Amino acid sequence: MKIRTKAVHTGVNIDKTFNSVITPIYPTSTFFFDEIGKNKGYDYTRSGNPTRAALEANIAALEGGINCSATATGMAAITAVMFFLKAGDHIITGDDIYGGTYRLFNAVLKPMGYDFSFINMRDLKAVKAAVKKNTKMVWIETPSNPLLNIVDMEAVIAIAQKAKALSVVDNTFLSPYFQKPFEFGADMVVHSTTKYINGHSDVVGGAIIYGRKDLQERGRYLVNALGVSQSPYDAWLVLRGAKTLVPRMEAHQVNAIEIAHFLEGHKNVKKVYYPGLKSHPQQVLIKKQMKGFGAMLAFELNTREVALNKFFKKLKYFALAESLGGVESLAETPWYMSHASMGEAGLRASGITRETVRVSVGIEDADDLIADLDQALKG
Ligand SMILES: *Cc1c(COP(=O)(O)O)cnc(C)c1O
């Protein structure tokens with residue numbers, strides 16, 4: 001099966017009671033036993049639920065992993081993965097990772113005794129130099145948020161393997177359609193399904209996809225023990241969204257390429273960050289590990305000409321909102337919104353400025369989106 005067929009069919013055809021074409025929602029907390037020790041594979045919804053299992057089979061197939069846990073949010077997935085480790089363990093990660101992940105690592109886990117190195121992961125020498133005796137995990141996010149820096153997955157994962165550390169990739173930004181971390185040796189992949197996999201901005205969710213049986217067993221144990229699994233209602237919605245992942249990603253990308261070119265030529269835009277532009281400095285890596293460029297981009301607004309707040313107020317189709325990956329376009333300021341929890345020093349270190357605008361390009365008509373940006377950029 002190719003990925004488009006997997007998206008529509010995997011995990012879906014499970015109703016043998018009434019032959020419903022669509023996976024039913026099983027909103028039950030508990031399942032009865034036919035006799036002691038004999039049930040139909042489910043006993044309690046925190047541990048397992050047929051609707052959630054359908055979604056898990058679907059996402060595992062899309063990503064090319066052996067199994068998946070669907071979680072309440074993306075952060076729930078990341079939290080569960082961090083419980084593979086314990087206080088005293090060392091984790092190498094980027095200095096420009098998702099703001100919520102940074103907050104969990106730096107403000108919650110670090111005070112509990114987890115040891116982190118937040119580094120520029122594009123610099124392979126820095127990654128090698130960061131390895132310590134207690135290094136147990138390398139956490140990769142590529143492309144990074146919001147500046148679309150690319151981390152060399154194959155090289156960084158090789159460093160992790162040599163150190164006998166787990167390698168985990170947050171693949172939210174490109175989705176399984178445009179990037180396959182398991183092909184580069186990742187042990188686990190995580191997603192915020194809130195974003196492209198669901199794609200309709202109407203649910204929050206997450207996923208951990210396992211590349212190995214031992215990780216699957218431990219991961220599923222942790223998700224149940226921590227109680228972070230996804231509600232059957234939410235799992236049902238995410239499964240509905242996942243079926244159209246491929247055509248959505250293609251439509252998102254067509255628009256993003258057009259918009260990136262428009263912005264790059266605009267006099268009130270100082271710089272555009274998008275992997276689909278020739279001006280992106282990491283062309284070789286982009287070709288090697290990405291099957292597409294995605295639809296997230298960022299740019300530096302010339303705020304001497306166009307005031308930041310005025311720009312957002314004038315936009316009609318780009319809602320001023322955090323999040324990304326939905327069919328509708330969004331725009332926001334990482335400095336004041338999505339990445340504010342990094343603090344001024346952290347923001348500066350990662351290259352984010354007060355003028356940085358992050359855009360999640362939706363699937364509306366590109367001409368309408370460009371006309372909208374054009375009038376807002378007049379200042
Ligand atoms: C949104 C996001 C998360 C967190 O997911 P939630 O569903 O909001 O908890 C993690 N990583 C990345 C890259 C994200 O964009």
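Residues numbered from 1 in each chain as written. Predicted model: local features only at pLDDT ≥ 70, side-chain atom pairs only at ≥ 80, totals over all residues. Heavy atoms only, no water.

Right, let's get into helix α10 (residues 245–264). Residues lying three or four places apart along an α-helix face the same way, a consequence of the helix completing one turn every 3.6 residues. Its 20 residues place the ends of α10 28 Å apart at the C-alpha level, agreeing with the 28 Å of an ideal helix rising 1.5 Å per residue. Those residues of α10 that fall on the buried side of the exposure criterion are Leu245, Val246, Arg248, Met249, His252, Gln253, Asn255, Ala256, Ile259, Ala260, Phe262 and Leu263. (Helix = DSSP H or I, 4+ residues; strand = E, 2+ residues; numbered from the N terminus. Expected span 1.5 Å × (residues − 1). Buried < 20%, exposed > 50% of the residue type's maximum accessible area, 1.4 Å probe, protein only.)

A word on the nonpolar core. One finds Met82, Trp139, Leu263, Phe299 and Phe311 to be the most contacted residues of the largest nonpolar core, which totals 81 residues. Counting residues per element, this core draws most heavily on α10, at eight residues. Of the residues that make up this core, three or more belong to each of domain 1 (3–242) and domain 2 (245–376). With 35 residues, the next largest nonpolar core counts Ile59, Cys68, Val127 and Ala130 among its residues. (Core = buried A, V, L, I, M, F, W, Y, C linked by side-chain atoms within 4.5 Å. Domains from an automatic or database assignment.)

What follows deals with the domain arrangement of the protein. Structurally, the protein comprises domain 1 (3–242) and domain 2 (245–376). On a C-alpha basis, the centres of domain 1 and domain 2 stand 26 Å from each other. Between domain 1 and domain 2, the contact holds 42 residues from the first and 42 residues from the second. In total, domain 1 and domain 2 occlude about 3,500 Å² of area from one another, counting both sides; carbon and sulfur atoms represent 62% of this. The interface formed by domain 1 and domain 2 includes four salt bridges. Summed over the shared surface of domain 1 and domain 2, the number is 18 residue pairs in polar contact (both at pLDDT 80 or more). Those elements giving two or more residues to the side of domain 1 that touches domain 2 turn out to be α1 (3–9), α4 (99–109), α6 (153–162), α7 (175–178) and α9 (232–242). (Contact = heavy atoms within 4.5 Å. Buried area = accessible area lost by both parts, 1.4 Å probe. Salt bridge = Lys/Arg side-chain N within 4 Å of Asp/Glu carboxyl O. Polar contact = N/O pair within 3.5 Å; in protein donor to acceptor, adjacent residues only side chain to side chain.)

So, about the sheet that holds strand β8 (residues 269–273). In space, the five strands of this open sheet follow the order β8-β9-β12-β11-β10, with mixed pairing throughout. Every other strand in the sheet has two partners, leaving β8 and β10 (319–320) as the edge strands with one partner each. With three bridges joining them, strand β11 (residues 330–332) and strand β12 (residues 356–360) adopt antiparallel strand pairing. Bridging across to β12, Leu330 finds its partner in Ser360. (Pairing = 2+ DSSP bridges.)

This brings us to the side chain of Glu300. Along the polypeptide, Glu300 turns up in strand β9 (residues 296–301). It turns out Glu300 is buried and unbridged, and the closest side chain with the opposite charge, Lys270, is 6.0 Å from it. Among the polar contacts made by the side chain of Glu300, one reaches the side chain of Thr356 at a distance of 2.7 Å. If sequence neighbours within four positions are ignored, Glu300 has contacts with Asn268, Val269, Lys270, Lys271, Tyr273, Thr353, Glu355 and Thr356. (Lys, Arg positive; Asp, Glu negative; His and termini not counted.)

The seven strands are arranged β1-β7-β6-β5-β4-β2-β3 in an open sheet whose pairing can be described as mixed. Edge positions in the sheet fall to β1 (67–71) and β3 (115–119), since each has one partner strand and no second. On average, each strand axis in the sheet is tilted by 20° relative to the strand beside it, whichever way the strands run. Where β1 lies against strand β7 (residues 206–210), five bridges are found, and the strand directions are antiparallel. What sits directly across from Ala70, in β7, is Ala207. (Axes fitted to C-alpha atoms, helices over the stretch in contact; angles between N-to-C directions.)

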